[in-house]
Amino acid sequence: MSKQIRMNAFDMTSAMHNSHGLWKHPLNVRTSRYKDLDYWTELAQLLERGKFDAVFLADVVGIYDIYGQSRDAAVRDAVQVPLNDPAFAIPIMAQATKHLSFALTVSTTYEHPYAHARRMSTLDHLTKGRLAWNVVTSYLPSAARNFGLQEMMKHDDRYEMADEFLDVVYKLWEASWEDHAIVHDVENRMFTDPAKVHEINHAGKYYRVPGPHLSEPSLQRTPVIYQAGGSPRGSDFAARHAECIFVGGPTPAQTKQYIQDIKNRAESFGRNPDHIKAFTFLNVVVAETTKEAEAKYEEYASLWSSEAAKAQYGGSTGYDLSQYSDLDTSFEYKHTEHGQSRAASLTKDNPKKLTVREVLNGFERPGRKMSIVGNPQEVADGIQSYFEAAGVDGFNLTHMITPGSLIDFVDLVVPELQKRGVYKTEYEPGTFREKLFGEGQRLLPAGHPGANLRRGISQDG
Ligand SMILES: Cc1cc2nc3c(=O)[nH]c(=O)nc-3n(C[C@H](O)[C@H](O)[C@H](O)COP(=O)(O)O)c2cc1C
């Protein structure tokens, strides 16, 4: 059987995610319905019908206020605000589906590991092991201010803190409760055997957590770890912890190189590189004919907001594009404490040196680089050729409008990929980790830092 293309739907529990300005489209019903339970259950059922692996819920905990040193552009165009807490949509989507998995984004900088571990165990219980955690360290200074910090922690320090955060939660998930700690022994009047529940006694630079963990172990214990670090420090973090990485290079060849780099780093940390799946960004505008798809793309482009796109770019990279007026100078890399890899891909990692004019022009329309516009066969060709050239395991599919873009994908592209034998027609059984890595892989694999902390646990539980 050919290698199967994996698919996440990239979304957010917000009025708008990344299709800047498209709140104006009359069929973009998410703008009002993202607050409704029905919106999320219908979306989950649609994705399960299209055999998506997971819905990936992004999250930020601040407002994008770098562009023009103001929050106005972001607020005016609903750039990831208004935004609800993503965790609450998960149990209701789980109830409406059987196999779809759920990746929840949570920041290590602004949550506490003790509370976070319980929240994730709860969700892994309620979804019967269909949970992943997208670990982020957060790039918005406005988040730092609202969590009481004078200024945002430095980029690399956030990752250092995140390493310790993961250490704490691994101990809570993997080393606190042994298998069979709950005995439910009425005769001996013992629900849980206290000898099988352990303190973790974590005392580090950032956290002191004696334990034990409050929840009993869930099916996966540690949820599947997603991560998207791309800077040297972020790549080290991803290589140490991630089971699914998100990489995006300016070309498929560059993406392939990024993946190899993270896999090499993982190997140097004692991990098996095959325990990492790589995903990249994908946007699709599809219709029955090329002409209709192009017309649809033009309609979306006419509603695009370049100000909103620049606002999102400003927050995630720290580059205020309103300050760049000398259009014929080259657009240079500069160090910031925000996310670093996206800035690098338009500067030092780009195969060609770009001028300020070229960069600014790129914000004027929805990008075509990772967007495939065409009929179902053309889109499937584009997906397959990127899949092969970049050596990715799958894609993070974004949308122009929801649920419309996803309905189009499920109805038109999925059957074409299935016909070509490169997309599943049935789900694998088991937890999310088993669906990704195979039968029996319910828990973190040997060599993973979380597995190395394990106590009193066996794969068959
Ligand atoms: C597919 C993808 C999804 C991401 N989702 C989020 C998110 O939901 N919240 C967030 O704060 N950062 C998110 N990020 C940003 C990353 O966590 C990271 O900060 C960024 O890729 C820059 O890498 P660096 O931190 O190594 O510089 C995402 C990045 C990618 C590529």
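The numbers attached to residues start from 1 for each chain and follow its sequence in the written order. Selection of residues for local features in this predicted model requires a pLDDT of at least 70, selection of side-chain atom pairs for listing and counting requires 80 or more, and totals for whole chains, interfaces and linings are taken over all residues. Remark: hydrogens and water are excluded; side-chain values derive from all non-hydrogen atoms of the structure.

The protein carries the name LLM class flavin-dependent oxidoreductase in an unreviewed UniProt entry, which gives Cohnella herbarum as its organism. UniProt positions are given in the numbering used here, feature names are shortened, and annotations may be inferred rather than shown by experiment. As recorded by UniProt, the Sequence similarities (unreviewed entry) comment attached to the protein reads in full: "Belongs to the NtaA/SnaA/DszA monooxygenase family."

K.L.:
Would you explain the overall build of the protein in this entry?
P.N.:
Counting its secondary structure elements, the protein contains 16 helices and 13 strands. A globule of 461 residues ought to have a C-alpha radius of gyration of about 23 Å, and the protein, at 22 Å, matches this closely. Taken along the three principal axes of its C-alpha coordinates, the protein extends 75 × 50 × 40 Å. Residues count as neighbours in contact if any of their non-hydrogen atoms are within 4.5 Å of one another. In the protein, the share of contacts with a sequence separation of at least 24, taken over all contacts with a separation of at least 6, comes to 75%. With the model as given, the accessible surface of the protein reaches about 19200 Å², and the carbon-plus-sulfur share is 51%. Averaged over its 51 positive side-chain charges, the protein has a centre that lies 1 Å from the centre of its 59 negative ones. A run of DSSP states H or I qualifies as a helix once it reaches four residues; a run of E qualifies as a strand once it reaches two. Both are numbered from the N-terminal end. The size measure is the radius of gyration over C-alpha atoms, and the globule rule it meets is 2.2 Å times the number of residues to the 0.38 power. The Shrake-Rupley method, run with a 1.4 Å probe, gives the accessible areas here. Residue values count only the displayed protein chains as cover. As used throughout, the charge tally considers Lys and Arg to be positive and Asp and Glu to be negative, leaving His and the chain termini uncounted. The atoms used to mark charge sites are NZ of Lys, CZ of Arg, CG of Asp and CD of Glu.

K.L.:
What am I meant to see in the packing of aromatic side chains here?
P.N.:
Aromatic ring pairs: the centre-centre distance and the angle between the two ring planes describe each pair. To pair, rings of Phe, Tyr and Trp, with the six-membered ring standing in for Trp, must have centres within 6.5 Å; the planes then decide the type, stacked if under 30 degrees apart, edge-to-face if over 60, and tilted in the middle. Per the counting criterion, the structure on display carries 20 aromatic pairs. Relative to Phe279, the ring of Phe246 lies with its centre 5.7 Å away and its plane at 35 degrees, an arrangement referred to as tilted. Placement of the pair is Phe246 in strand 10 (residues 244-246) and Phe279 in strand 11 (residues 277-286), with a sequence separation of 33 residues. Looking at Phe246, the relative accessible area reads 12%, which means it is buried. Residue burial is assigned from relative accessible area. The probe radius is 1.4 Å, only protein chains are included, and a residue is buried under 20% of its type maximum, exposed over 50%, and partly exposed in between.

K.L.:
Explanation requested: the side chain of Lys277 in the structure shown.
P.N.:
Locating Lys277 in the fold gives a position in strand 11. If sequence neighbours within four positions are ignored, Lys277 has contacts with Arg6, Glu243, Cys244, Ile245, Asp393, Leu436 and Phe437.

K.L.:
How should I be thinking about the UniProt feature "binding site: FMN" (unreviewed entry) in the protein in this particular structure?
P.N.:
Sequence positions flagged by UniProt for "binding site: FMN" (unreviewed entry) are, in local numbering, Asp59, Thr105, His155, Tyr159 and Ser231. You can see Tyr159 is positioned in helix 7 (residues 155-174). Excluding residues within four positions of it along the chain, Tyr159 makes contact with Thr137, Gln227, Gly229, Ser231, Arg233, Gly234 and Phe237. Checked against the element boundaries, Ser231 lands in the loop between strand 9 (224-227) and helix 8 (232-241). Ser231 gets classed as buried once you look at its relative accessible area, which sits at 5%. In protein, a polar contact means a hydrogen-donor-capable atom and an acceptor-capable atom, both N or O and within 3.5 Å, with residues adjacent in sequence counting only if both atoms are side-chain atoms; elsewhere, any N or O pair within 3.5 Å suffices. A distance of 3.4 Å separates polar atoms of two side chains, one belonging to Ser231 and the other to His155.

K.L.:
Help me understand the site of the ligand, please; the structure alone is not making it clear to me.
P.N.:
Around the ligand, a shell composed of 20 residues is seen, among which Asp59, Tyr159, Ala228, Ser231 and Gln340 lie nearest. Contacts to the ligand include His155, whose side-chain N or O atom sits 2.9 Å from an oxygen atom. At 2.6 Å, a side-chain N or O of Ser231 approaches an oxygen atom of the ligand. Burial of the ligand by the protein chains amounts to 85% of its free accessible area of 620 Å². In the scheme used here, Gly and all other residues not listed as nonpolar or charged are polar, with Ala, Val, Leu, Ile, Met, Phe, Trp, Tyr, Cys and Pro taken as nonpolar and Asp, Glu, Lys and Arg as charged. Here the shell around the ligand is composed, by residue class, of 8 nonpolar, 11 polar and 1 charged. A cutoff of 4 Å decides nearness: a residue is near a molecule or strand if any of its heavy atoms lies inside that distance of it.

K.L.:
Can you help me understand the packing of helix 9 (residues 252-268) against helix 14 (residues 376-390) in this one?
P.N.:
Think of two packed helices as two axes; the pair is described by the angle between the axes and how far apart they sit. Every angle, taken between N-to-C directions, lies between 0 and 180 degrees, and every axis is a line fitted to C-alpha atoms, over only the stretch in contact when it is a helix. The contact between helix 9 and helix 14 brings their axes to 8 Å, and the two run at 45 degrees. Taken as axis vectors, helix 9 and helix 14 run oblique relative to one another. Contacts between helix 9 and helix 14 involve Pro252, Thr255, Lys256 and Ile259 from the first element and Tyr386, Glu388, Ala389 and Ala390 from the second. Looking at side-chain class alone, the contact of helix 9 with helix 14 contains 5 nonpolar, 1 polar and 2 charged residues. The cut-offs work like this: below 35 degrees is roughly parallel, past 145 is roughly antiparallel, 65 to 115 is roughly perpendicular, and the gaps in between are oblique.

K.L.:
Explanation requested: helix 8 in the structure shown.
P.N.:
Residues spaced three or four apart along an α-helix face the same direction, because each turn holds 3.6 residues. The buried count for helix 8 comes to 7 of 10 residues, which makes it a mostly enclosed element. The set of residues buried in helix 8 consists of Arg233, Gly234, Ser235, Phe237, Ala238, Ala239 and His241.

K.L.:
Would you mind going over helix 5 (residues 113-126) with me for this structure?
P.N.:
In a regular helix each residue adds 1.5 Å, so 14 residues correspond to 20 Å; helix 5 covers 20 Å between its end C-alpha atoms and thus fits that length. Taken as a whole, helix 5 has its buried residues at Pro113, His116, Ala117, Met120, Ser121, Leu123 and Asp124. Along the axis of helix 5, the buried residues cluster in a sector spanning 165 degrees; they form a single face. Contacts made by the buried residues of helix 5 are with helix 4 (89-95), strand 3 (101-107), strand 4 (131-136) and helix 7. Just past helix 5, the residue Lys128 takes up positive phi, approximately 55 degrees. A helix is expected to reach a length of 1.5 Å times the quantity of its residues less one. Comment: arc refers to directions from the helix axis out to C-beta atoms.

K.L.:
I tried to follow the pattern of salt bridges on my own but got confused; where do I start?
P.N.:
Side chains that differ in sign of charge can pair as their charged atoms come close. Just to be clear on terms, a salt bridge is a Lys or Arg side-chain nitrogen sitting within 4 Å of an Asp or Glu carboxyl oxygen. Under the criterion given, the structure shown has 27 salt bridges. Arg145 is the salt-bridge partner of Asp65, the closest N and O atoms lying 2.8 Å from each other. Linking Asp65 in the loop between strand 2 (54-58) and helix 3 (72-76) with Arg145 in helix 6 (residues 141-146), this pair joins segments that are 80 residues apart in sequence. The exposure class of Arg145 is partly exposed, given its relative accessible area of 46%. For the salt bridge of Asp408 with Lys296, the shortest nitrogen-to-oxygen distance reads 2.6 Å. In this pair, Asp408 sits in helix 15 (residues 404-419) while Lys296 sits in helix 10 (residues 290-303), placing the two residues 112 residues apart along the sequence. On the accessibility criterion, Asp408 (19% relative accessible area) is buried. In the salt-bridge network here, residues are joined through shared partners; they are Asp381, Glu416, Lys419 and Arg420.

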